[in-house]
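Spelled out, the chains give:
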Amino acid sequence: MLKKSRMGMLALALTSAMIVGACGNNGNNGNTGNTGNAAEPSAANEPAANSAATSETTTAGGIDISKEVHLKMVFVGPKPVDYDSVFGEINKKLKEKINATVEGEFLDWSDWAQKYPLKLAASEDFDLIYSANWAGYNDQALKGGFLELTEDLLSKYAPETWAKMPEVSWGQAKVNGKLYMVPQNRGESVEKLILYREDLRKKYNLPEINSPETYATYLKAIAENEKGVVPFTPETGDWKYHNLDRVLLKQQQEWNMFDLDMPFAYKLTDTAGKVFNVYETPEFKDLLVYYKDLADHNVWSKNVLNSKNDHQADFKTGKTASITHNNGTLGSLMALMRQENSPFEVKLADINQGKKKSVAISTQNGTSIHATSKNIERSLMFIDLMQNDKEMHDLMMYGINGVHYTPVGDTKYKATDKNPNFTGFSNWNFNSPLNLDNEAFPQEASDLVKGWEANVYHYPLETFVFDNSKVKSEIANLGNVMLRYAIPLEYGLVKDIDKGLAELNEQLKAAGLENVQAELQAQIDAFLASQK
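Residues numbered from 1 in each chain as written. Predicted model: local features only at pLDDT ≥ 70, side-chain atom pairs only at ≥ 80, totals over all residues. Heavy atoms only, no water.

Brief notes about the packing of helix H13 (residues 327–339) against helix H16 (residues 443–453)
- The N-to-C vectors of H13 and H16 enclose an angle of 165 degrees; their axes lie 9 Å apart at closest approach. Comparing their axes, H16 and H13 come out roughly antiparallel. Like other packed secondary-structure pairs, H13 and H16 cross with a definite hand, here left-handed. Between H13 and H16, the contacting residues are Asn327, Gly331, Met334 and Arg338 on the first element and Glu444, Ala445, Leu448 and Val449 on the second.
- The residue makeup of the contact of H13 with H16, split by class, is 4 nonpolar, 2 polar and 2 charged. (Axes fitted to C-alpha atoms, helices over the stretch in contact; angles between N-to-C directions. Helix = DSSP H or I, 4+ residues; strand = E, 2+ residues; numbered from the N terminus. Parallel < 35°, antiparallel > 145°, perpendicular 65-115°, else oblique. Left-handed = near helix turned anticlockwise from the far one by under 90°. Contact = heavy atoms within 4.5 Å. Nonpolar A, V, L, I, M, F, W, Y, C, P; charged D, E, K, R; others polar.)

Overview of unusual backbone geometry
- Phi is positive for Ser123, which is not a glycine, with a value near 50 degrees.
- Structurally, Ser123 is set in the loop between helix H3 (112–121) and strand S5 (128–131).
- Positioned with a positive phi, Asn205 is a non-glycine residue whose angle comes to about 50 degrees.
- With respect to the helices, strands and loops of the structure, Asn205 is situated in the loop between helix H8 (198–203) and helix H9 (212–225).
- You can call Asn205 exposed: its relative accessible area is 70%. (Buried < 20%, exposed > 50% of the residue type's maximum accessible area, 1.4 Å probe, protein only.)

Topic: the nonpolar core
- Grouped together as the largest cluster of nonpolar side chains are 71 residues, with contacts concentrated most on Tyr215, Tyr218 and Tyr279.
- Elements with a minimum of two residues in this core: strand S9 (192–197), H9, helix H10 (245–253), strand S11 (264–267), helix H11 (282–296), helix H17 (472–490), helix H18 (497–510) and helix H19 (513–530).
- When residues in this core are grouped by element, the largest group, 9 residues, is from H17.
- Discounting residues that sit within four places of it in the chain, Tyr215 has contacts with Ile194, Ile209, Phe232, Leu244, Tyr290, Ser322 and Ile351.
- Listed in part, the 69 residues of the second largest apolar core include Tyr83, Phe126, Leu179 and Ile400. (Core = buried A, V, L, I, M, F, W, Y, C linked by side-chain atoms within 4.5 Å.)

A look at the packing of aromatic side chains
- Scanning the model with the defined rule gives 32 aromatic pairs in all.
- Centre to centre, the rings of Trp112 and Tyr116 are 6.3 Å apart; their planes meet at 85 degrees, and the pair counts as edge-to-face. With a gap of 4 residues between them, Trp112 and Tyr116 both fall in helix H3, about one helical turn apart.
- With relative accessibility at 5%, the residue Trp112 sits in the buried group. (Phe/Tyr/Trp six-rings, centres within 6.5 Å; stacked < 30°, edge-to-face > 60°.)

Brief notes about helix H15 (residues 390–398)
- Taken across its 9 residues, H15 has 7 buried, putting it largely inside the fold.
- Those residues of H15 lying buried are Met392, His393, Asp394, Leu395, Met396, Met397 and Tyr398.
- At its buried positions, H15 is contacted by strand S3 (69–76), helix H2 (83–98), helix H14 (376–388), strand S16 (405–408) and strand S17 (412–415).
- If you check the start of H15, you find a side-chain oxygen 3.1 Å away from the backbone N of Glu391, and it comes from Asp389.
- Gly399 sits one or two positions beyond H15 and adopts a positive phi of about 95 degrees. (Polar contact = N/O pair within 3.5 Å; in protein donor to acceptor, adjacent residues only side chain to side chain.)

Regarding the sheet that holds S16
- Across the sheet, which stays open at both edges, the 3 strands sit in the order S16-S17-S18 with mixed pairing between neighbours. Among the strands making up the open sheet, the edge pair consists of S16 and strand S18 (437–438).
- As paired elements, S16 and S17 share 4 bridges and run antiparallel to each other. Bridging from a neighbouring strand, Pro407 pairs with Tyr413 of S17. (Pairing = 2+ DSSP bridges.)

A short note on the confidence of the model for the protein chain
- Residues of the protein chain with pLDDT of at least 70 account for 89%, and the chain-wide mean is 86.
- Low confidence marks residues 1–55, where pLDDT is under 50. Its contacts with residues over four positions away, or in another chain, come to 134 contacts. (pLDDT = per-residue confidence, 0-100.)

Thoughts on the pairing of strand S15 (residues 366–369)
- Burial along S15 is two-sided: Gly366 and Ser368 and Thr367 and Ile369, pointing in opposite directions, are all buried.
- Judged from the 4 bridges that link them, S5 and S15 form a sheet pairing that is antiparallel. Within S15, the residue paired with Tyr130 across the bridge is Thr367.
- Relative to S15, strand S8 (residues 182–183) runs antiparallel, the two sharing 2 bridges. Across the sheet, the residue bridging to Pro183 is Gly366, located in S15.

Observations concerning the side chain of Ser373
- Tracing the sequence through the fold places Ser373 in the loop between S15 and H14.
- At a separation of 2.8 Å, a polar atom in the side chain of Ser373 contacts the side chain of Asp127.

Regarding the sheet that holds strand S10 (residues 255–256)
- The 3 strands are arranged S10-S11-S12 in an open sheet whose pairing can be described as antiparallel. Each edge of the open sheet carries a strand with a single partner, namely S10 and strand S12 (276–277).
- In terms of strand pairing, S10 meets S11 through 2 bridges, oriented antiparallel. Its bridge partner lying in S11, Trp255 is registered against Lys267.

Some points on the side chain of Asn365
- Inspection of the secondary structure puts Asn365 in the loop between strand S14 (346–349) and S15.
- Relative accessible area serves as the criterion here: at 1%, Asn365 is assigned to the buried category.
- Separated by 2.3 Å, the side chains of Asn365 and Tyr130 make a polar contact.
- Apart from the residues within four sequence positions on either side, Asn365 is in contact with Tyr130, Ser131, Ala132, Trp134, Met181, Pro183, Gln184, Glu188, Trp428, Asn429 and Asn431.

Some points on the pattern of salt bridges
- Under the counting rule described, the total for this entry stands at 23 salt bridges.
- As a salt-bridge pair, Lys95 and Glu68 come within 3.1 Å of each other at their nearest N and O atoms. Placement of Lys95 in helix H2 and of Glu68 in the loop between strand S2 (63–64) and S3 is noted, with a sequence separation of 27 residues between them.
- When the shortest N-O distance is used, the salt bridge between Lys203 and Glu226 registers 2.7 Å. (Salt bridge = Lys/Arg side-chain N within 4 Å of Asp/Glu carboxyl O.)

Right, here's the structure in full:
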């Protein structure tokens, strides 16, 4: 997932540094004494007036719910077109079940990375927020933005979730031994693939795309022959690496790169977990040469660092010839294009066949409660319903039965022409065993995942979580350097690669690279020692 004005990145990083201090008084260590306050629902989120049993409902699962509560939840992604109708239905059911309603706020993909931390830093009034490792979960937890979720809270107010969630998922979501998220309860592959225009590959009689070299051949052929089509468009967002690094560096070299937020990595096969500076490796320098060649052949826009284009929308309309994302997202886009009878033939490419693949840890998607929420209990009850009550789950995940989808058996659904009106935002935090699969999801995408899942590589540091509290300032400084010096290098905008690399590493050292690396290595060493 993960979306940016490159020039805006510097401002974002500086803003993030300010957030560190602003969040300092935001902590709340699992206060269970709050009985919840009612808030004024907005007109757009007011449930239907005649909500049957609500007025008589006083308990749910033995919990006093006599006082009506209005919850506010922050999602990532655009507000769905049919928000009012679907959330209206959700609120009718919520009133009946737990005497609550929920209002969603949506942070568009174009600027979510800037707005998300600011909402927490400013202690804005909301109860729940989508959280994820790629959205800074650990960092926000350590800053005190999220409420600590104790066993007492979870077992009492989210009992089904507490009982059904695998123990390993709870463990993966802990930061310094404390839990700040209810993670999704369904495994997910997050390995990146390439989605490209197969009709264009055939048109120019190009070789099958199955390696970095054949992909480069395709990109350069499109740049030379298809005027008006950008060969590759990256996601916008707070990226500190090139958008293709997850494929051409992380996967290709079989490294773990700490969610690509720091200039460090370790080899998956290294049982000692030796951390190194990515930018000092020959593999990275070779990749810069590859990227420079692509940039010189106009494979991406000259304005790439300032682009805010939605790469999926551009691909769907034929403005770009390839993008990268995870299998689920690309498969869903393929299904949508086929459903809409797109004139383009599209195909997935795994250009790292045979390389080690991993699955997402549970924090890939989750729900956190704002540290200042006054509706803790009802928020947990809401999460419990969304993960375990099929009626509520299906409404939140797929919209209204018969309008946005129709069930196909017990495990699949068929998307209707209204389905796009309730997609595109982060409802993935409610993934659970109740999920239905889109019957139109491409078989080739499913086959790829099955192949990966059968050969998932589990490594010693799979559940390691870095506590950056001792080096937060240095990490913010490193991020600034990555945005200012590494991103232009990776997009081929620096003529002299050697000189650019030298300057990048010099600036990283001045920003505190050695201190962060030492702290990271010390924590990894301690983690591995504790596993013996």
